[in-house]
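The lines below spell out each chain.
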Amino acid sequence: MRITRYQHHGVSPRLTGAALAAGLTAVAAPAAAFCPATPEDARAGFVVLYDDDTSMASRLMPDGLQHDTETYRHSPGEGYFTRGLYAVFLVEETPMENGELLVDERWLFAYPGGLDSLPEIVPGLRWEGTATFSDAEGNKETWHKTVTAGALMPVTHSGCRMMVIPVVLRSTDADDFTDFLLYEYVPALGMSLFRGYSDSGEPDADDIMRIVGFAPYTAD
């Protein structure tokens, strides 16, 4: 299991009960290998399987936010839901237990100027700003964030060749604890693949086993 301070990722708030169970079943027993390459694929959603038996289901929503569901094969029904712009600019994180969202443990993030003020992920991006963290108990903190993007480059994951922009997100909370998240942003999809975490400098990339077709979400 890929443990992070944020504990990535969970399930759409619209998915509970039978719909959520269906989604988890699909992750546990994935379809054949699949290479997402178009905006239609992003809207339908797909799953990435990692070498530690973690499954990450991702979908681009109509509001432009990426929804991610992380579940653990050895512990069905447990995981995390996140939504964010490109997945990099986090808006929400909620843990999941027994297939249900733990809304009392939800974390929310807001940015000065709103999401419209945040930059597009492009090669060479350097962004520095803040986010207001709040939890269900009403606690609030200001977190400092930086986003650094590399050059557009080709990668191949489980036979899927795609052009990506490597992105490192650095977050420092009110207690001066800093961690790093590594992504590969895929411009053709408008989405990011989670690649690694570290609390001691820029992380190495996790190994991706394969990408599979996936569309468990209800129609909007």
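Residues numbered from 1 in each chain as written. Predicted model: local features only at pLDDT ≥ 70, side-chain atom pairs only at ≥ 80, totals over all residues. Heavy atoms only, no water.

**Student:** Provide a residue-level description of the packing of aromatic side chains, including the pertinent values.
**Tutor:** Throughout the structure, instances matching the rule amount to nine aromatic pairs. Ring centres 6.1 Å apart and planes at 85° place the aromatic pair Phe 89 and Tyr 111 in the edge-to-face group. Residue Phe 89 is located in strand β5 (residues 89-97), and its partner Tyr 111 is located in the loop between β7 (107-110) and β8 (126-135); the two are separated by 22 residues in the primary sequence. Judged by relative accessible area, which is 0%, Phe 89 ranks as buried. Take Tyr 111: its relative accessible area is 8%, and that puts it in the buried class. Note on Phe 133 and Trp 143: the rings are 5.1 Å apart at their centroids and 20° apart in plane angle, and the pair reads as stacked. Highlighted residues: Phe 133 in strand β8 and Trp 143 in strand β9 (residues 140-149), separated in sequence by ten residues. Given the relative accessible area of 3%, Trp 143 is considered buried. Taken together through their ring pairs, the aromatic side chains of Trp 107, Phe 109, Phe 133 and Trp 143 make up a single cluster. In this structure, Lys 145 is placed above the aromatic ring of Phe 109, and the distance from its NZ or CZ to the ring centre is 5.3 Å. (Phe/Tyr/Trp six-rings, centres within 6.5 Å; stacked < 30°, edge-to-face > 60°. Helix = DSSP H or I, 4+ residues; strand = E, 2+ residues; numbered from the N terminus. Buried < 20%, exposed > 50% of the residue type's maximum accessible area, 1.4 Å probe, protein only. Lys NZ or Arg CZ within 6 Å of the ring centre and 35° of its normal.)

**Student:** Which residues make up unusual backbone geometry, and what are the values?
**Tutor:** Within the chain, Tyr 86 stands out as a residue other than glycine whose phi angle is a positive 60°. Here Tyr 86 is to be found in the loop between β4 (75-85) and β5. Its relative accessible area of 14% is what places Tyr 86 among the buried residues. You will see that Ala 87, though not glycine, has its phi angle at about 70°, which is positive.

**Student:** Describe the environment of Thr 69, and please don't skip the residues or the numbers.
**Tutor:** Of note, Thr 69 is situated in strand β3 (residues 65-72). Using a relative accessible area of 6% as the deciding quantity, one classes Thr 69 as buried. Sequence spacing of Thr 69 and Phe 81 is twelve residues, and the spatial spacing of their C-alpha atoms is 5.0 Å.

**Student:** Can you tell me about the state of the cysteines, naming the residues and giving the values?
**Tutor:** One covalent bond between the sulfur atoms of two cysteine residues makes up a disulfide. Inspection of every chain in the model, using the stated rule, returns one disulfide. With its sulfur 2.1 Å from that of its partner, Cys 35 forms a disulfide with Cys 160. Measuring the twist about the S-S bond at about -85°, one finds the Cys 35-Cys 160 disulfide to be left-handed. Of this pair, Cys 35 sits in the loop between α1 (17-28) and α2 (39-44) while Cys 160 is found in strand β11 (residues 160-172), placing the two residues 125 residues apart along the sequence. Overall, the relative accessible area of 39% leaves Cys 35 in the partly exposed class. With a relative accessible area of 2%, Cys 160 lands in the buried category. (Disulfide = S-S within 2.5 Å.)

**Student:** An account of the side chain of Thr 146 is needed here, citing residue identities and associated values.
**Tutor:** Along the polypeptide, Thr 146 turns up in strand β9. In contact with Thr 146, not counting residues within four places along its chain, are Trp 127, Glu 128, Val 168, Leu 169 and Arg 170. (Contact = heavy atoms within 4.5 Å.)

**Student:** Explain the pattern of salt bridges to me, and be specific about the residues and the numbers.
**Tutor:** Any two side chains of opposite charge can pair, given that their charged atoms come close. Enumeration over the complete set of coordinates arrives at four salt bridges. Across the pair Glu 40 and Arg 43 runs a salt bridge, and its minimum N-O distance is 3.3 Å. Here Glu 40 and its partner Arg 43 are both found in helix α2, three residues apart, which amounts to about one turn of the helix. On the basis of relative accessibility, which here comes to 49%, the residue Glu 40 falls in the partly exposed class. Here Arg 195 ties to Glu 184 by a salt bridge, and the two come within 3.3 Å at their closest N and O atoms. Of the two residues, Arg 195 is situated in strand β13 (residues 191-198) and Glu 184 in strand β12 (residues 178-186); the sequence distance between them amounts to eleven residues. Note on accessibility: Arg 195 and Glu 184 belong to one class, buried. Three or more residues are tied together by salt bridges with common partners; here these are Arg 83, Glu 92 and Arg 106. (Salt bridge = Lys/Arg side-chain N within 4 Å of Asp/Glu carboxyl O.)

None of the figures reported here should be taken as evidence of function without further support.
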